[in-house]
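Read off the chains here:
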Amino acid sequence: MKYNFDEIIPRRGSGCLKWDSGNPDALPMWVADMDFRVAQPILDGLMARTQHGIFGYSVPMQSYYDAITGWFSRRHGWTIQPEWISHCPGIVPALHFFAKGFTKPGDKIMMHAPVYYPFFGACGKNGVEVAYNELIYRDGRYEIDFEKFEQIAKDPQVKMFYLCSPHNPGGRIWTREELERMGRICTENGVLVVADEIHCDLVMPGHEHTSYGTLPEEIVDNSIICVAPSKTFNLAGLQTSCLVIKNPQIKKAYDTFLDSLGIMRPSAYGIAGLVAAYSQGDEWLDQLLDYLKGNLDFLREYLAKNIPQIKIMEPDATYLVWMDFKALHVDSREFHELLLKEGHVWLDEGYVFGKVGEGFERINIACPRATLEDGLNRMRDALRNAGLI
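Conventions adopted
Residues numbered from 1 in each chain as written. Predicted model: local features only at pLDDT ≥ 70, side-chain atom pairs only at ≥ 80, totals over all residues. Heavy atoms only, no water. Pairing = 2+ DSSP bridges. Helix = DSSP H or I, 4+ residues; strand = E, 2+ residues; numbered from the N terminus. 1 Å grid on protein atoms, 1.4 Å probe; cavity = no way out; pocket = protein on both sides within 12 Å on 5 of 7 lines; lining within 4 Å. Points joined across faces, edges and corners; volume = space filled by probe spheres on them. Nonpolar A, V, L, I, M, F, W, Y, C, P; charged D, E, K, R; others polar. Salt bridge = Lys/Arg side-chain N within 4 Å of Asp/Glu carboxyl O. Buried < 20%, exposed > 50% of the residue type's maximum accessible area, 1.4 Å probe, protein only. Contact = heavy atoms within 4.5 Å. Core = buried A, V, L, I, M, F, W, Y, C linked by side-chain atoms within 4.5 Å. Lys, Arg positive; Asp, Glu negative; His and termini not counted. Polar contact = N/O pair within 3.5 Å; in protein donor to acceptor, adjacent residues only side chain to side chain. Right-handed = clockwise from strand over helix to strand, strands pointing away. Axes fitted to C-alpha atoms, helices over the stretch in contact; angles between N-to-C directions. Parallel < 35°, antiparallel > 145°, perpendicular 65-115°, else oblique. Left-handed = near helix turned anticlockwise from the far one by under 90°.

*Asks:* Which parts of the structure should I look at to understand the sheet that holds strand S14 (residues 348-349)?
*Replies:* Two modes of strand pairing occur in sheets, parallel and antiparallel, and in both the strands are linked by backbone hydrogen bonds. The 4 strands are arranged S11-S12-S15-S14 in an open sheet whose pairing can be described as antiparallel. At either margin of the open sheet sits one strand with a lone partner, and together these are strand S11 (311-313) and S14. Pairing analysis gives 5 bridges linking strand S12 (residues 320-324) to strand S15 (residues 360-364), with the strands arranged antiparallel. Within the sheet, the bridge partner assigned to Met 323 lies in S15 and is Glu 361.

Structure, rendered in C-alpha cells:
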C-alpha cells in the first residue's frame, strides 16, 4: 500500500513527550520521535492483540524470535541465533544496566564525543567516569582519532566502550574497516564493546550499514549489540528492545543482572508490535526512507537559499541532522535560546552532546514536509529579526 507521510496528525494532548513538554508555542523538532503514523500491519497486529481481550503475563513465542532473526538476516545479512537474544525495555535503560552491573567505582567507559547525550547520563548517574575519544571534524564529516582511541583503551580502568553506530548526532555510518579496527583494539585490551545500533535501519539511499555482528567472531564475542524497532517504526512507547549477545558468559551476566531488577519479559503490546514490524514492515520502511531523503534534500536547499551561513553534516543514516552554525559567530546558548524563545522552534542544543558540540544544533526531519518548512521559516525569521542574516 501507499503511505501518506505528508499527513499532519495532531499529537498535543496525547501524553506525548515531544509535543506535550516545554513551551506549547514551540514547534518540537528535538527528540528522536517521528510524526508519522505507523505501518498498517503494526496497527493490525496491535488491534488483534487488543481484540483478544486478555492481557496477562506475556512471554515471547517462536514468532518473536523468527521476526527478529528474519529482519536482520533480510535487511542486514546478519545471522542471529535465537539463544543470543535478551530483552531490555529500551536501549537507554540498557546503557544504565551495563554501567551499574558491569563496572565498579573507579572504572571508566569510553565513548566518542560528540555523542547521544544519554550515553553520558548512563555513566554519571551510576558513578562511572567517562573517557572521551573526541571525533575529528574534517571537511564537514567526523573521523575517529585512532591514536587517542588506542591510548584510552589501554587504560586498565576503562572497562567498556559505548559505540553509537550509526553515529548520533553526526549521522556517520562507520566503515567495516573502522569498526573492525575499534573492535580489535578493544578486544586486545579487555574492553567490552556495547554497540548501539538503534538507527541501523534508517539508512539514506546510496549507503549501507555494517552491523557489528557481521565482524570477525572474536570481535563479536567481545560485544553486546543493541537493536530495537523503536526508532525504525516509531514504537518507542512500547518499550521493547533487544540485546544480541553471542558470548554465553556475557549473556548470562546480563540476564542475571536483569533478573535481579525484577525485569523479566516484554509486554504483550511490545511483543505484538515488534513481531508485526519486523515481519511485515519492509514496505512502509522503504517508503519512509524515500520520504526522509526528500526532507533532507529540502532542508539542504532551504538553508542554501535562506540561511547559507548554516551548513549541514550530510548524514549517511538517521533522520537527525547535525547543523553547523559557527559561521554566524554567536554563542551556542544564546543561539539556542533565540530559536526557542523568539523563533518558537525547539531543536536539540549541540553542547549537550559534549563540549565539541558547541556551534551545532540537531534537527529532527522525521515529520511532514509542511512541518519541516514551518520550522525552518521560524528559524529564518528569528535570525533575520536578530540581525544575524
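Continuing now.
*Asks:* What am I meant to see in the layout of surface pockets here?
*Replies:* With a probe scaled to a water molecule rolled over the atoms, the places where space remains empty come into view. Counted as a void, the largest pocket has a volume near 1100 Å³. Lining the largest pocket we find 45 residues, and of these Ala 32, Asp 33, Lys 231, Ala 236 and Gly 237 sit closest to its centre. Those elements that provide at least two residues to the lining of the largest pocket are helix H3 (91-101) and helix H8 (230-233). Broken down by element, the residue count for the lining of the largest pocket peaks at 3 residues, all from H3. Across the lining of the largest pocket, the residue classes break down as 25 nonpolar, 11 polar and 9 charged.

*Asks:* Is there a simple way to explain the pattern of salt bridges in this structure?
*Replies:* For side chains of opposite charge, pairing can occur when their charged atoms come near one another. Taken as a whole and assessed by the stated rule, the structure comprises 28 salt bridges. Here Asp 316 and Arg 172 are joined by a salt bridge, their closest N and O atoms 3.8 Å apart. Taken together, the residues Asp 316 in the loop between S11 and S12 and Arg 172 in the loop between strand S7 (158-164) and helix H6 (176-188) connect sequence positions 144 residues apart. Here Asp 316 matches Arg 172 in class, with each residue buried. Here Asp 324 makes a salt bridge to Lys 326, at a shortest N to O gap of 3.1 Å. Residue Lys 326 is classed as partly exposed on the basis of its relative accessible area, which comes to 36%.

*Asks:* I keep staring at the environment of Arg 49 and nothing clicks. Help me out?
*Replies:* Along the chain, Arg 49 falls in helix H1 (residues 40-52). Taking the C-alpha atoms as reference points, Arg 49 and Tyr 269, separated by 220 residues in sequence, lie 7.2 Å from one another. If we skip the residues at most four places from it in the chain, Arg 49 touches Ile 54, Phe 55, Ser 58, Ala 268, Tyr 269 and Ala 272.

*Asks:* What's the story with the nonpolar core in this structure? I'm lost.
*Replies:* Membership of the largest hydrophobic core comes to 99 residues, with the highest contact counts inside it found for Ile 310, Met 323 and Ile 363. Among the elements that make up this core, the one with the highest residue count is helix H11 (residues 282-306) (10 residues). Once you skip the residues sitting within four places of it in the chain, Ile 363 turns out to touch Met 29, Leu 299, Tyr 319, Leu 320, Val 321, Met 323, Leu 347, Leu 372 and Leu 376. Formed by 32 residues, the second largest nonpolar core is a distinct cluster that contains Ala 94, Ala 99, Val 128 and Val 194.

*Asks:* Quick question: what am I supposed to make of the side chain of Asp 201 here?
*Replies:* Positionally, Asp 201 belongs in the loop between strand S8 (192-196) and helix H7 (217-220). Buried charged residue Asp 201 carries no salt bridge. Nearest counter-charge: Arg 75, at 5.3 Å. Engagement of the side chain of Asp 201 in a polar contact is seen with the side chain of Trp 71, the distance being 3.1 Å. A polar contact is formed between the side chain of Asp 201 and the side chain of Thr 232, at a distance of 2.8 Å.

*Asks:* Can you help me understand the pairing of strand S4 (residues 129-134) in this one?
*Replies:* Within a regular strand, the side chains alternate between the two sheet faces. Here strand S3 (residues 108-113) runs beside S4; their pairing, made up of 6 bridges, is parallel. By the bridge assignment for S4, Ile 109 is matched with Val 130. Following the chain from S3 across helix H4 (residues 118-124) to the adjacent parallel S4, one finds a crossover that is right-handed.

*Asks:* Quick question: what am I supposed to make of the sheet that holds S7 here?
*Replies:* Strand order in this open sheet of 7 strands is S2-S10-S9-S8-S7-S3-S4, and the pairing throughout is mixed. Of all the strands in the sheet, the pair left with one neighbour each is strand S2 (85-88) and S4. Direction aside, neighbouring strands of the sheet carry axes that sit 25° apart on average. Sheet analysis places S3 next to S7, joined by 4 bridges and oriented parallel. Pairing of Lys 108 across the sheet is with Val 158, part of S7. Helix-sheet contacts for H3 involve S2, S3, S7, S8, strand S9 (223-227) and strand S10 (241-244), and the interaxial angle to S7 is about 170°. Packed onto the sheet, helix H5 (residues 146-153) meets S3, S4 and S7 and runs at close to 160° relative to S4.

*Asks:* Can you help me understand the packing of H11 against helix H13 (residues 369-385) in this one?
*Replies:* A packed helix pair is summarised by two numbers, namely the angle formed by the two axes and the spacing between the axes. Between H11 and H13, whose axes approach to 11 Å, the crossing angle comes to 20°. Classified by the interaxial angle, the pair formed by H11 and H13 is roughly parallel. With respect to the hand of their crossing, H11 and H13 are arranged in right-handed fashion. Across from Tyr 291, Gly 294, Asn 295, Phe 298, Leu 299, Tyr 302 and Asn 306 in H11, the residues of H13 making contact are Arg 369, Leu 372, Glu 373, Leu 376, Asn 377, Arg 380 and Arg 384.

*Asks:* Can you help me understand the side chain of Asn 247 in this one?
*Replies:* Tracing the chain through its elements places Asn 247 in the loop between S10 and helix H9 (248-260). At 3.1 Å, the side chain of Asn 247 and the backbone oxygen of Asp 221 are in polar contact.

*Asks:* What am I meant to see in the pairing of S8 here?
*Replies:* Taken across its 5 residues, S8 has 5 buried, putting it largely inside the fold. Neither face of S8 is open: one carries Leu 192, Val 194 and Asp 196, the other Val 193 and Ala 195, and all of them are buried. One ladder, built from 5 bridges, connects S7 with S8; its direction is parallel. Bridge pairing links Leu 163 to Ala 195 in S8. Of the strand pairs in this sheet, S8 and S9 are connected by 4 bridges, and their pairing is parallel. Residue pairing in the sheet places Asp 196 in a bridge with Cys 226 of S9.

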